[in-house]
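Close look at the chain arrangement
Residues per chain are reported as follows:
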Amino acid sequence: METIVFVLMILVCFNFLLKQTFRKWSATIGWTLACSLFIGWAWRYAIEQSKTQIADWLGNPALMLDTSVILTMEISIQMAYALLAVHIKHNYPVRPRTLMAYRFLRWFPGLLIFPVLFSGLVALIFSFPGYSFSAIAWCFAAFIALLIPIGKKLIIRLLPEKELRLELFFLTNALTAILGVIATVNGRTATSGTGEIDWKAFAGVLLIGVTGFFLGVIRYKYKRIPPLLSRSSGKDIRKDADS
């Protein structure tokens, strides 16, 4: 469980850095300052945490389900940005409403980065007992202030094509969603398993699938008839004109 949560944190950080590559440097610097100040000011709350309390949070089903809702909402927004960016690139010009939605989604950096930074600060405080808590927090804040711009520049240098970065951004968010489901379920299932097969239900699903397949083929063939007729009539008109 802790390993899955750790991988989720890494993916959240990577998605945050990857999202910065689609934004201007002024916006990146602004969010870098926000993350750094958050870390520098959060040490008073970080010292109140304990490893036992964090373990209780990870084992709390209600809290993990609430976390899954936030995770799903953020991933949906980020994946919508990737799809909308591709749509605008290949279908520009677009409606002003679509362009406004694209700008908002591009501006949204993700809120899960702040809990991840807070958990990293708590881990650092546990790892360096006896040191000044504020010094550890501000050193970590300075590290993050350098990591975000350097990470953005490194990703742009490694992946200069925006389309490739968008595809990677979509896939990493999809992987985050899958791991989020695994982490929130935490070994529990909503229903008990069964070894019996309901053949009537299976036959009904199969019948619906086969019927839908044939209806789709018929609709596809029907939609192709008018273009073919128009092409053939056009050829006949050109033959008459030539004769």
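The next point concerns the overall build of the protein. Looking only at helices and strands, the protein features 10 helices and 0 strands. The N-to-C order of helical and strand elements in the protein reads α-α-α-α-α-α-α-α-α-α. Buried residues in the protein amount to 29% of all 243 residues. Just so you have it, the protein exposes about 16,500 Å², and 70% of that area is on carbon and sulfur atoms.

Quick look at the side chain of Thr 21 now. Secondary-structure assignment places Thr 21 in the loop between helix H1 (2-20) and helix H2 (25-41). Looking at Thr 21, the relative accessible area reads 7%, which means it is buried. A polar atom in the side chain of Thr 21 sits 2.4 Å from the backbone oxygen of Leu 18. Once residues within four sequence positions are removed from consideration, Thr 21 is found in contact with Lys 152, Ile 155, Ile 156 and Arg 165.

Turning to helix H7 (residues 113-127), a few remarks are in order. A rise of 1.5 Å per residue sets the reference length of H7, with its 15 residues, at 21 Å; its end C-alpha atoms lie 21 Å apart and thus fit the reference within 8%. By the burial criterion, the buried members of H7 are Ile 113, Phe 114, Val 116, Leu 117, Leu 121, Val 122 and Ile 125.

Moving on, we get to the nonpolar core. Cys 35, Ile 39, Tyr 81, Leu 121 and Ile 144 are the most contacted members of the largest nonpolar core, which has 32 residues in total. With 7 residues, the single largest contributor to this core is helix H8 (residues 133-158).

Direction vectors running N to C along H7 and H8 enclose 135 degrees, while the axes themselves pass 10 Å from each other. Taken together, the axes of H7 and H8 are oblique relative to one another. Crossing hand, H7 versus H8: right-handed. Residues Leu 117, Gly 120, Leu 121, Leu 124 and Ile 125 of H7 touch H8, and the partners they reach there are Phe 133, Ile 136, Ala 137, Phe 140 and Ile 144. In terms of residue class, the contact of H7 with H8 is built from 9 nonpolar, 1 polar and no charged.

Packing of H1 against H8 leaves a shortest axis separation of 9 Å and a crossing angle of 70 degrees. Taken together, the axis directions place H1 and H8 in an arrangement best described as roughly perpendicular. Two packed elements cross with a definite hand, and for H1 against H8 that hand is right-handed. Contact with H1, carried on its side by Phe 14, Phe 16, Leu 17, Leu 18 and Gln 20, involves Leu 147, Ile 148, Lys 152 and Ile 155 of H8 and no other residues of that element.

Okay, a nonpolar patch on the surface next. A surface patch of nonpolar side chains, about 740 Å² in accessible area, is lined by Trp 199, Phe 202, Leu 206, Val 210, Phe 213, Phe 214 and Val 217. Tracing the backbone shows Phe 202 in helix H10 (residues 199-242). Overall, Phe 202 belongs to the partly exposed group, its relative accessible area being 47%.

All right, on to the packing of aromatic side chains then. Within a pair of aromatic rings, the relevant descriptors are the distance that separates the centres and the angle that separates the planes. Within the structure shown, the criterion is met by 10 aromatic pairs. Relative to Tyr 102, the ring of Tyr 81 lies with its centre 5.7 Å away and its plane at 15 degrees, an arrangement referred to as stacked. Of the two residues, Tyr 81 sits in helix H5 (residues 61-91) while Tyr 102 sits in helix H6 (residues 96-107), which places them 21 residues apart along the sequence. Overall, Tyr 81 belongs to the buried group, its relative accessible area being 0%. The buried category is assigned to Tyr 102, whose relative accessible area is 9%. Here the aromatic cluster, defined as three or more aromatic residues joined through ring pairs, consists of Trp 31, Phe 38, Phe 104, Trp 107 and Phe 114. Its end group placed over the ring of Tyr 81, Lys 19 keeps NZ or CZ at 4.9 Å from the ring centre. Positioned above the aromatic ring of Trp 25 is the side chain of Lys 152, whose terminal nitrogen or guanidinium carbon lies 4.1 Å from the ring centre.

Let's shift gears to the side chain of Thr 32. Relative to the helices and strands, Thr 32 resides in helix H2. The class for Thr 32 is buried, based on a relative accessible area of 6%.

With that out of the way, let us pick up the environment of Val 12. Tracing the sequence through the fold places Val 12 in helix H1. Overall, Val 12 belongs to the buried group, its relative accessible area being 12%. Sequence separation between Val 12 and Asn 173 is 161 residues, and the spatial gap between their C-alpha atoms is 8.4 Å. Excluding anything up to four places from it in sequence, Val 12 contacts Leu 112, Ile 113 and Val 116.

Reading the values: rules and limits
Residues numbered from 1 in each chain as written. Predicted model: local features only at pLDDT ≥ 70, side-chain atom pairs only at ≥ 80, totals over all residues. Heavy atoms only, no water. Helix = DSSP H or I, 4+ residues; strand = E, 2+ residues; numbered from the N terminus. Buried < 20%, exposed > 50% of the residue type's maximum accessible area, 1.4 Å probe, protein only. Areas by Shrake-Rupley, 256 points an atom, 1.4 Å probe, with all protein chains shown as cover. Polar contact = N/O pair within 3.5 Å; in protein donor to acceptor, adjacent residues only side chain to side chain. Contact = heavy atoms within 4.5 Å. Expected span 1.5 Å × (residues − 1). Core = buried A, V, L, I, M, F, W, Y, C linked by side-chain atoms within 4.5 Å. Axes fitted to C-alpha atoms, helices over the stretch in contact; angles between N-to-C directions. Parallel < 35°, antiparallel > 145°, perpendicular 65-115°, else oblique. Left-handed = near helix turned anticlockwise from the far one by under 90°. Nonpolar A, V, L, I, M, F, W, Y, C, P; charged D, E, K, R; others polar. Patch = residues over 30% accessible without salt bridge, like charges linked within 9 Å, V, L, I, M, F, W, Y side chains within 5 Å. Salt bridge = Lys/Arg side-chain N within 4 Å of Asp/Glu carboxyl O. Phe/Tyr/Trp six-rings, centres within 6.5 Å; stacked < 30°, edge-to-face > 60°. Lys NZ or Arg CZ within 6 Å of the ring centre and 35° of its normal.

Worth remembering: the numbers are spatial, not functional.
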